[in-house]
Amino acid sequence: MEPLYEEYLANCGTTVKPYYWLSFSLDCSNCPYHIRTGEEAKVAYTELYQTFGFAGPVHPQTKHLLFYELKTSSGSLVQKGHASSCTESHIHPESMLFQTKSYLDSALYNNDGIRHIILYSNNSPCNEATHCCISKMYNFLMTYPNVIHSIYFSQLYRTETDFPASAWNREALQSLASLWPQVTLSPISGGIWHSLLNNFVSGVSGSTVFQPILPGRALADRHNAYEINARAGVKPYFTDVLPQTKENHNLKVQSALESYPLNNVFPR
């Protein structure tokens, strides 16, 4: 296939222009290299803190950041990387990764050993007309039916009823979740945060990786699990929140979440 991207060797991995026509831009700090692989995919702790809201709930973000892992059926890592949104062209990471003839399409086309794609994003994928992220993901899933997708997010993106395109986003999330067991959707929580710190954050090691999840963040994770079920009718596949976070003043969220068990299966 004739790819849309261009890939270049870097010190600790590769940098990728998801579209060969992208160039350096004053309006987008990440242009043109929106995809980075290997150790080049690591970001500063402050970026995870601010973009994913690691310490607690995060305000709505204009920046979208997505980490990914490509694994074999036995769980061996083939590649890790990240994709960032383009603030100049207004392109979301999922749209870049799951486009036909994209970097990810080429990776699977050339390596049939990849059987599991794990995504960790600060936002749940959307399906707004200018992005069509979930539509592209759906088509990708149809092209590679033997590949499992595990999708984790730190906040829901524009699913609230007062947003004009929220119905599209909610219905698309339902459609994506209907592909279970090929697809699972879950909020980032518990040990997933530790995995992100260990694999995708530079300069972090030892006890810092396994620091306790702060109560504000743990509550936000439980709230995300409640909200994706309430707004989109999607029951999360994975939640890993410490029991003490259940005792919180937000009794509505708590009682709703108590209605179904927590699943502590770590992604493999």
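All values reported here derive from a predicted model rather than from experimental measurement.

1. Quick look at the nonpolar core
If you look at the biggest cluster of nonpolar residues, it comprises 34 residues, and the most contacted ones within it are Tyr-68, Leu-97, Leu-104, Leu-108, Ile-117, Leu-119 and Leu-176. Excluding anything up to four places from it in sequence, Leu-108 contacts Ile-114, Ile-117, Phe-140, Tyr-144 and Val-147. In this structure, Ala-41, Phe-67, Ile-188 and Val-201 belong to the second largest nonpolar core, which totals 22 residues.

2. Focus: the packing of aromatic side chains
The final tally for this structure, using the stated rule, is 16 aromatic pairs. When the centroid spacing of 6.4 Å and the interplanar angle of 85° are considered together, the rings of Phe-52 and Trp-193 count as edge-to-face. With Phe-52 in helix α1 (residues 45–52) and Trp-193 in helix α6 (residues 191–200), the pair connects residues that are 141 residues apart, well separated along the chain. Each member of the pair, Phe-52 together with Trp-193, is buried. Centre to centre, the rings of Phe-54 and Trp-193 are 5.4 Å apart; their planes meet at 55°, and the pair counts as tilted. Here Trp-193 lies in helix α6 and Phe-54 lies in the loop between α1 and β4 (65–71), a separation of 139 residues in the sequence. Side by side, Phe-54 and Trp-193 carry an identical accessibility label, which is buried. Counting every residue linked through ring pairs, the aromatic cluster contains Tyr-45, Tyr-49, Phe-52, Phe-54, Phe-67, Tyr-120, Tyr-152, Trp-193, Phe-200 and Phe-238. Between Lys-80 and the ring centre of Phe-200, over which it is positioned, the NZ or CZ distance is 5.7 Å.

3. Quick look at the pairing of strand β2 (residues 13–17)
Burial analysis of β2 places five of its five residues in the buried class, the great majority of the element. Hairpin connection between strand β1 (residues 6–10) and β2: a loop of two residues separates the two successive antiparallel strands.

4. Let's talk about the confidence of the model for the protein chain
When the pLDDT values of the protein chain are averaged, the result is 87; 87% of them are 70 or greater. Ignoring residues within four places in sequence, the model shows residues 244–268, a span with pLDDT below 50, making 48 contacts including any to other chains.

5. Topic: the environment of Arg-115
Inspection of the secondary structure puts Arg-115 in the loop between α3 (103–110) and β6 (116–121). Spatially, the C-alpha atom of Arg-115 lies 6.1 Å from that of Ile-148, the residues being 33 residues apart in sequence. Setting aside residues no more than four positions away along its own chain, Arg-115 makes contact with Lys-71, Thr-72, Ser-73, Asn-146, Val-147 and Ile-148. At 2.8 Å, the side chain of Arg-115 forms a polar contact with the backbone oxygen of Asp-112.

6. Some words on helix α5 (residues 166–177)
An α-helical turn contains 3.6 residues, so any two residues separated by three or four positions project in the same direction. Here α5 is 12 residues long and its end C-alpha atoms lie 16 Å apart, about the 16 Å a rise of 1.5 Å per residue gives. Restricting attention to buried positions, one finds in α5 the residues Ser-166, Asn-169, Arg-170, Ala-172, Leu-173 and Leu-176. All buried residues of α5 lie within an arc of 165° about the axis, which places them on one face of the element. Those residues of α5 that are buried are in contact with α4 (133–143), β7 (148–153), β8 (183–187) and α7 (215–232).

7. Concerning the packing of α1 against α6
Axis separation between α1 and α6 bottoms out at 10 Å; the angle between their running directions is 145°. Where α1 crosses over α6, the two elements pack in a sense that is right-handed. Listed contacts from α6 to Tyr-45, Leu-48 and Phe-52 of α1 are Trp-193, Leu-196 and Leu-197.

8. Regarding the environment of Thr-46
Locating Thr-46 in the fold gives a position in helix α1. Thr-46 sits 155 residues away from Val-201 along the chain, and the two C-alpha atoms are 9.2 Å apart.

9. A few points about the side chain of Gln-79
Inspection of the secondary structure puts Gln-79 in strand β5 (residues 77–84). A polar atom in the side chain of Gln-79 sits 2.6 Å from the side chain of Tyr-68. What Gln-79 contacts, discounting residues up to four positions off in sequence, is Thr-37, Tyr-68, Glu-69, Leu-70 and Tyr-103.

So, how was this worked out
- Residues numbered from 1 in each chain as written.
- Predicted model: local features only at pLDDT ≥ 70, side-chain atom pairs only at ≥ 80, totals over all residues.
- Heavy atoms only, no water.
- Core = buried A, V, L, I, M, F, W, Y, C linked by side-chain atoms within 4.5 Å.
- Buried < 20%, exposed > 50% of the residue type's maximum accessible area, 1.4 Å probe, protein only.
- Contact = heavy atoms within 4.5 Å.
- Phe/Tyr/Trp six-rings, centres within 6.5 Å; stacked < 30°, edge-to-face > 60°.
- Helix = DSSP H or I, 4+ residues; strand = E, 2+ residues; numbered from the N terminus.
- Lys NZ or Arg CZ within 6 Å of the ring centre and 35° of its normal.
- Pairing = 2+ DSSP bridges.
- pLDDT = per-residue confidence, 0-100.
- Polar contact = N/O pair within 3.5 Å; in protein donor to acceptor, adjacent residues only side chain to side chain.
- Expected span 1.5 Å × (residues − 1).
- Arc of directions from axis to C-beta.
- Axes fitted to C-alpha atoms, helices over the stretch in contact; angles between N-to-C directions.
- Left-handed = near helix turned anticlockwise from the far one by under 90°.

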